[in-house]
Every structure is written in C-alpha cells, then in structure tokens.
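# Understanding the architecture of this molecule
Here is what each chain is made of, one letter per residue.
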Amino acid sequence: MEEQEYITARLLSMPPYEQSAEADKLYMQALQEELQFHYDHSEAYQQFCNRKGFDPHLPLMDIAQIPPVAVSVFKELGFSLASVPKEDIRLRLQSSATSGTPSTIVVDKETSRRQAKAMVKVMQEVIGRERKPFLVMDIDPRSEFKALLGARFAAITGYLNFASKAAYFLKANEKKVSYFDVEAMQGYLRSLPEEQPVVVFGFTYILYSQVLKALQAADVKLRLPKGSKIIHIGGWKKLESEKVEKRLFNLQLSESFGTEPTDVVDIYGFTEQMGLNYPDCPCGCKHTSNYVRVLVRDAQTREVLPAGQEGMLEFITPVPHSYPGNAVLTDDLGYVLDEPCPCGRGGTRFVVTGR
C-alpha cells in the first residue's frame, strides 16, 4: 500500500531558519492537517477538543485558539494517547524524569521519520554537515555499567547520528560510582588528527558536576581543535539547587576545554515533542525553526502574554503524527523577544528562565 504524503514532509524540506511566506503557509496547512487527523483518529483528543469548544475542521486563523495539551497529560495517559493503530507503534519513549513521573509518547514510522528530519535540519546549523568525532561525557552503553545510563541512553543515541565515531569518558568503579576519566580523554584527543574538530556531548548536570569539577580539581586545561563544539542537553533542573549561572558555566567550560564561550551550546527540548531542538545561538537565545511556533501563557489565566513577559512556554508543531502532541503547554517558564536577533538567525527568539 502506498504511503500517504503529508504536508509536513514538504514543510520539513524547507531550511529551518529562512523565513518566508511559503514556509508560513506550509506550516499552517500542515498543522491543520495534523490536528484534523488526531481529532478524527483519537477519541480522547476529540473529546478534549469538544470540551474546549475547538473544531480543527473549521478554518484555523490563529494558533492561540488551539487548546494546548499540558505535559502532565503525557505523564498520566501517555501510553494510551495514540492516533494510529496499535500495530503501527514502533516504540514508546519516556522522559528521563529528573523529578516525578516520566512522560510517555508512542511513536510510529511517520513520526520517527519526521523527528529525525527536523533534528538533522536544526543540528546541521550548529555542528555543520560533516560528521565529527563525538566525545560523550557518559557511560559506554556497551559496558557492564550501562544500567547507570537509564533513560539518558535514548537521548544520546539520537545525537550520535551526527557522529563519525564516538568514545565515552564517564567510567564507573567497582561500587558503581561514575567518574570522569580525564587521562583517557587526553589520550583520545592526541590520537585524532590535530586539526580535526570534535563535539563534546553530554547532559548538563554531568558536564557540571563530574566533568567540569574534575578538570578544575586536577587543574587540567584541554585544548580542543578549532571548530569544535561543546553540546549539552537535559536542562538545568538538577543544578537549580546549586545556583549555577549559565553564563559562568559556559565560560568555565570554554576555559577548561580551550574553546570560545559561544562554542558551548545549550540545547533545550522535551520528550513530548521529541526531535524538535532549540540550540543557543551565539547571542545566547533560543530560536524557533520553521517547523514550530512558541507562545507564552499566563500561569493562572492561560492567556497569551506579550513579548518580554514571563510565563509558561507552549510549543505548536505539526511534527507528532502518532499522538496528539501538536500543541503542548510545558511547565517551563520563559519569555519571547520580538526584535530581530543580532546573530541573523530567523524564527521567534525566546529565553527559558526556569520552571
């Protein structure tokens, strides 16, 4: 049977940050097509829309009129929120759940393909089209201590699609306590061609608590080749209690690895819309791509707030097809900026301030 061609495929063929009337038109068409699909194929979503007085089969004039699904719904009902037949579901993804119950999404072939395409388009803007060696600041999934990885494994695997090869530098002792192997990393860097840019990759809290602290304690200064990047994911929740300031963190990492502070890239994303990533630009802001829009809602009234005012971040995208995750209200706080970014990157600029 021939696979259906969805409008989202045409949208995802567009460059991520080049704004155009065609991209805007495709985004709205793709979004409405997906909302209608979920309404027609998910009884739970149809009931939700009916309770909110929203009919996706009527003309969609403003994305703010779409009732967002809160992330808490994916914690409570994630396994059962499917808009495709059970036999089409390829995997069930869970968040790392640094606090509380994990969110769950069900992924089919179509959604998986879209997630990968969106991720590649955005990440190539950050690390280039050429695959590079990845120095992963985590446990080797082939080691006897792979259980220590937990849900981090799925996130790491997604990024390794951009790697020419990968080496792991978080080791574990006999008590299953992990530590950063500084000497192994120094040796690995010496084994690479001198001018070969690399990507240091890891979770934010591991880079801070195990890598950066170890380098500072040993007074070791590494020297990454020119063009290298340090990419970290997973958010700042585990660092909030330590009051780690992002600008200082970037500066200290860049000093320890011998890069520019702008080569340290924090990437925001969340399981409920897997594949959509928001890397820092050189100015330190996040930008939406052509595949997604962001709104900020008042925490009490849920009204959409103007630029500059802090509220709950909502992301709207046509990418999820196997589950109704197209308009998701996160529990992360932030605000949007309406002036163009000095870095020249398109899309709406926004800042994540916490949760």
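The present account deals with the structure reproduced in this document. Owing to the predicted nature of the structure, the values given are computational and were not obtained by experimental measurement. (Residues numbered from 1 in each chain as written. Predicted model: local features only at pLDDT ≥ 70, side-chain atom pairs only at ≥ 80, totals over all residues. Heavy atoms only, no water.)

### Digging into the overall build of the chain
Put simply, the rule is: Helix and strand definitions follow DSSP, with helices as H or I runs of at least four residues and strands as E runs of at least two, each counted in order from the N terminus. Both definitions apply: the radius of gyration is a C-alpha atom measure, and the globule rule equals 2.2 Å times residues to the power 0.38. Accessibility here uses a 1.4 Å probe with only protein chains present; expressed as a share of the type maximum, an area under 20% marks a residue as buried, one over 50% as exposed, and anything in between as partly exposed. Computed with a 1.4 Å probe, the accessible areas rest on the Shrake-Rupley method; for each residue, only the protein chains presented here act as cover. When charges are counted, Lys and Arg contribute as positive and Asp and Glu as negative, whereas His and the chain ends are disregarded. A single reference atom marks each charge: NZ on Lys, CZ on Arg, CG on Asp, CD on Glu.
When its secondary structure is counted, the chain shows nine helices and 15 strands. Relative to its length of 355 residues, the chain is compact, with a C-alpha radius of gyration of 21 Å against a globular reference of 20 Å. Taking the principal axes of the C-alpha coordinates as reference, the chain spans close to 60 × 45 × 40 Å. Going through the 355 residues of the chain one by one, you find that 52% of them count as buried. As presented, the chain carries roughly 17,100 Å² of accessible surface, and 50% of it is formed by carbon and sulfur atoms. Taken as two groups, the 41 positive and 45 negative side-chain charges of the chain have centres that lie 4 Å from each other.

### Section: the side chain of Ser 254
Under the convention used in this document: In what follows, a contact means two residues having at least one pair of non-hydrogen atoms within 4.5 Å.
Looking at the secondary structure, you find Ser 254 in helix 9 (residues 246-257). Residue contacts for Ser 254: discarding those within four places in its chain leaves Thr 259, Glu 260, Pro 261 and Val 264.

### Observations concerning the packing of aromatic side chains
As a reminder, the rule being used: Under the pairing criterion, centres of Phe, Tyr and Trp rings, with the six-membered ring standing for Trp, must be within 6.5 Å; the plane angle then separates stacked pairs below 30 degrees from edge-to-face pairs above 60, leaving the rest tilted. Criterion for a charge above a ring: Lys NZ or Arg CZ within 6 Å of the ring centre, and within 35 degrees of the ring normal.
Scanning the model with the defined rule gives 16 aromatic pairs in all. A cation over a ring is seen here: Arg 114 above Tyr 6, with NZ or CZ 5.2 Å from the ring centre. Its end group placed over the ring of Tyr 17, Arg 345 keeps NZ or CZ at 5.0 Å from the ring centre.

### Notes on the pattern of salt bridges
Cut-off, in case you're wondering: The term salt bridge refers to a pairing of a side-chain nitrogen on Lys or Arg with a carboxyl oxygen on Asp or Glu at a separation within 4 Å.
A complete count under the given rule lists 13 salt bridges for this structure. For Arg 142, the salt bridge identified is with Asp 140, shortest N-O distance 3.0 Å. The partner of Asp 280 in a salt bridge is Lys 246, and the shortest N-O contact between them spans 2.9 Å. Here the residue Asp 280 occupies a position in the loop between strand 10 (278-279) and strand 11 (286-287), and Lys 246 occupies one in helix 9, the gap between them amounting to 34 residues. One network of salt bridges, in which partners are shared, links Glu 34, Glu 110, Arg 113 and Arg 114.

### Observations concerning the environment of His 38
Basically, it comes down to this: Pairs of N or O atoms within 3.5 Å make up the polar contacts considered here, provided that, within protein, one atom can donate a hydrogen while the other can accept it, and that residues adjacent in sequence are counted only when both atoms are side-chain atoms.
Position of His 38 among the secondary structure elements: in helix 2 (residues 21-41). Relative accessible area serves as the criterion here: at 0%, His 38 is assigned to the buried category. Each C-alpha atom, one on His 38 and one on Leu 60, is 15 Å from the other, the two residues being 22 residues apart in sequence. If near-sequence neighbours (up to four positions away) are discounted, His 38 is found in contact with Tyr 45, Ser 83, Pro 320, His 321, Ser 322, Tyr 323, Pro 324 and Asn 326. Within polar-contact distance, the side chain of His 38 engages the side chain of Ser 83 at 2.7 Å.

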